[in-house]
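# Observations on the three-dimensional arrangement
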Amino acid sequence: MNRHGPSTLAVHAGAPAHAPGRPLVTPLVSSSTFYNAPEPEGEVLYARYANSDAHRLLAARLAALEGTDAALAVGSGMAAISLTILSFAGAGDHIVAADSLYGGTRTLLTRELPRLGIETTFVDPAGRWRDALRPNTRLLYMEVPVNPTLRVPDPRPVAALARERGLPLVVDATFATPINWRPVEDGVDVVIHSATKYMGGHSDLIAGVIAGPEAVVDQARERLKAFGPSLDPHALWLLERGLKTLALRVERQNATSLALARWLADHPAVAAVHHPGLASHPDHAVAAAIFRGFGGMLSFVVRGGDEAARAVLGRFALIAVAPSLGGVESLASMPRYTSHVALTPEQRAAGGIDDGFIRLSIGIEDLPDLREDLERALAPEAR
Ligand SMILES: Cc1ncc(COP(=O)(O)O)c(C=O)c1O
């Protein structure tokens, strides 16, 4: 099965062989528990342990898509991140992480993990990771691409350093999806996704994914059993269904967001456009080297700052003003009020989040309709 392309894997990987009478669609089994074999040495089947048939099917599909030995679906992207980190690090240990991360991950690293005795040093992802290593460093962590600036720090030198030191490199590749990028092909050891976003794809579930070597996934499963952020069977069913259209959705989102980025770059009301597919993007060469597609995310800066940007949001008719991303419907947000609200104005400016910064998650609507919505919102006086 793993010789098949990603669209085929997204539909079929992990599914049982064809057999008369077997349902085509994975049954939604809401049972929390299962009849166990009477022998005490048999595996205990229980929904929290992620070992139901549906869980195993989904895990096999995710591993096939990522090209990893194993995978595990859990209750949220944050659960995937924390279970992975806690599989490698405990009291007295140290992490080196990129300084540009999703706000929730940053909070985990700066506020929660220190309470457990785990310290993190943040580095410029394009900078000298080597200098931050300590004898007690247990993992390297980064996000590719970065939210919301869509910078694409090159994971390859970090992976080479990780290999040299025998440390795992963990990458949150939520924005890329396995359709646009298979991180393990560039030396990444463990891949994380907020499956809430593109993998689910319909803004109707919360889930996370850990994909990597069998031993790492086994460790994460042990943490899952103990800490308990398991994936609810109904969300699991929606996620498995959503995955079937992942490639189609992402291909459309790639094309539409690049077309809109090019169009916005020439718009007089727009001061800057951030999209890794544009030749003007500072990491275009890295993105072109590692990605098969540049993704459905697009950020731009409105001339006139915060007030002008808020007015633009207020004029969208089709594009919904909402946090999150990766769904079939286009969403807009201002990171200064959502994911990056905790940053000071200086930190925001240093991170490239100007006052008029708007982040768009492009959905699967028709390109002319989205362009019209943007045009109306950007130039109301022209209509
Ligand atoms: C890049 C990234 N990683 C992780 C998360 C957390 O995912 P979840 O909300 O599924 O816990 C998010 C959420 O926005 C995200 O954008």
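Presented here is an overview of the structure given in this document. (Residues numbered from 1 in each chain as written. Predicted model: local features only at pLDDT ≥ 70, side-chain atom pairs only at ≥ 80, totals over all residues. Heavy atoms only, no water.)

### A closer look at the overall build of the chain
- The number of helices and strands found in the chain is 14 helices and 12 strands.
- Dimensions of the chain, computed from the C-alpha atoms along their principal axes, are close to 75 × 55 × 35 Å.
- Residue burial in the chain is summarised as follows: out of 383 residues, 53% are buried.
- Roughly 16,600 Å² of accessible area belongs to the chain as shown, and the carbon and sulfur atoms make up 53% of that amount.
- If the 36 positive side-chain charges of the chain are averaged to one point and the 41 negative ones to another, these points end up 0 Å apart. (Helix = DSSP H or I, 4+ residues; strand = E, 2+ residues; numbered from the N terminus. Buried < 20%, exposed > 50% of the residue type's maximum accessible area, 1.4 Å probe, protein only. Areas by Shrake-Rupley, 256 points an atom, 1.4 Å probe, with all protein chains shown as cover. Lys, Arg positive; Asp, Glu negative; His and termini not counted. Charge placed at Lys NZ, Arg CZ, Asp CG, Glu CD.)

### Focus on the side chain of Glu 365
- Along the chain, Glu 365 turns up in the loop between strand E12 (357-361) and helix H14 (367-378).
- Despite its burial, Glu 365 pairs with no opposite charge, the nearest such side chain being Arg 252 at 7.3 Å.
- At a separation of 2.8 Å, a polar atom in the side chain of Glu 365 contacts the side chain of Ser 330.
- Residues within four places of Glu 365 in sequence aside, it is in contact with Arg 252, Val 328, Glu 329, Ser 330 and Leu 370. (Salt bridge = Lys/Arg side-chain N within 4 Å of Asp/Glu carboxyl O. Polar contact = N/O pair within 3.5 Å; in protein donor to acceptor, adjacent residues only side chain to side chain. Contact = heavy atoms within 4.5 Å.)

### Observations concerning the nonpolar core
- Counting 59 residues, the largest nonpolar core has Trp 129, Leu 140, Leu 169, Trp 181 and Leu 239 as its most contacted members.
- Looking at which domains feed residues into this core, each of domain 1 (6-243) and domain 2 (246-382) supplies at least three.
- Leu 140 has contacts with Val 96, Trp 129, Leu 133, Val 158, Ala 162, Leu 167, Pro 168, Leu 169 and Val 170, leaving out every residue within four places of it along the chain. (Core = buried A, V, L, I, M, F, W, Y, C linked by side-chain atoms within 4.5 Å. Domains from an automatic or database assignment.)

### Some details on the sheet that holds strand E11 (residues 331-333)
- One open sheet holds the 5 strands; their spatial order is E8-E9-E12-E11-E10, and the pairing between them is mixed. Each edge of the open sheet is held by one strand with a lone partner, namely strand E8 (270-274) and strand E10 (320-321).
- As judged from the 4 bridges shared by E8 and strand E9 (residues 297-302), these two strands associate in the antiparallel manner. Paired with Val 270 across the two strands is Val 302, which belongs to E9. (Pairing = 2+ DSSP bridges.)

### Comments concerning the sheet that holds strand E5 (residues 169-172)
- The 7 strands are arranged E1-E7-E6-E5-E4-E2-E3 in an open sheet whose pairing can be described as mixed. Of all strands in the sheet, those bounded by a partner on one side alone are strand E1 (70-74) and strand E3 (119-123). Strand-to-strand, the axes of this sheet are offset by a mean angle of 20°, without reference to chain direction.
- Examined bridge by bridge, strand E2 (residues 94-98) and E3 share 5 bridges and lie parallel to one another. By the bridge assignment for E3, Val 96 is matched with Thr 121.
- Helix H4 (residues 103-112) contacts E2, E3 and strand E4 (137-143) of the sheet and is inclined by roughly 130° relative to E3. (Axes fitted to C-alpha atoms, helices over the stretch in contact; angles between N-to-C directions.)

### Observations regarding the site of the ligand
- The immediate surroundings of the ligand are formed by 13 residues, with Gly 77, Met 78, Asp 172, Ser 194 and Thr 196 found nearest.
- Asp 172 is positioned with one of its side-chain polar atoms (N or O) 2.6 Å from a nitrogen atom of the ligand.
- One nitrogen or oxygen atom from the side chain of Lys 197 is found 2.9 Å from an oxygen atom belonging to the ligand.
- With the chains in place, 91% of the 390 Å² that the ligand exposes on its own is no longer accessible.
- The element contributing the most residues to the shell around the ligand is helix H3 (residues 77-88), with 3 residues.
- Of the residues assigned to the shell around the ligand, the class counts are 5 nonpolar, 5 polar and 3 charged. (Near = heavy atom within 4 Å. Nonpolar A, V, L, I, M, F, W, Y, C, P; charged D, E, K, R; others polar.)

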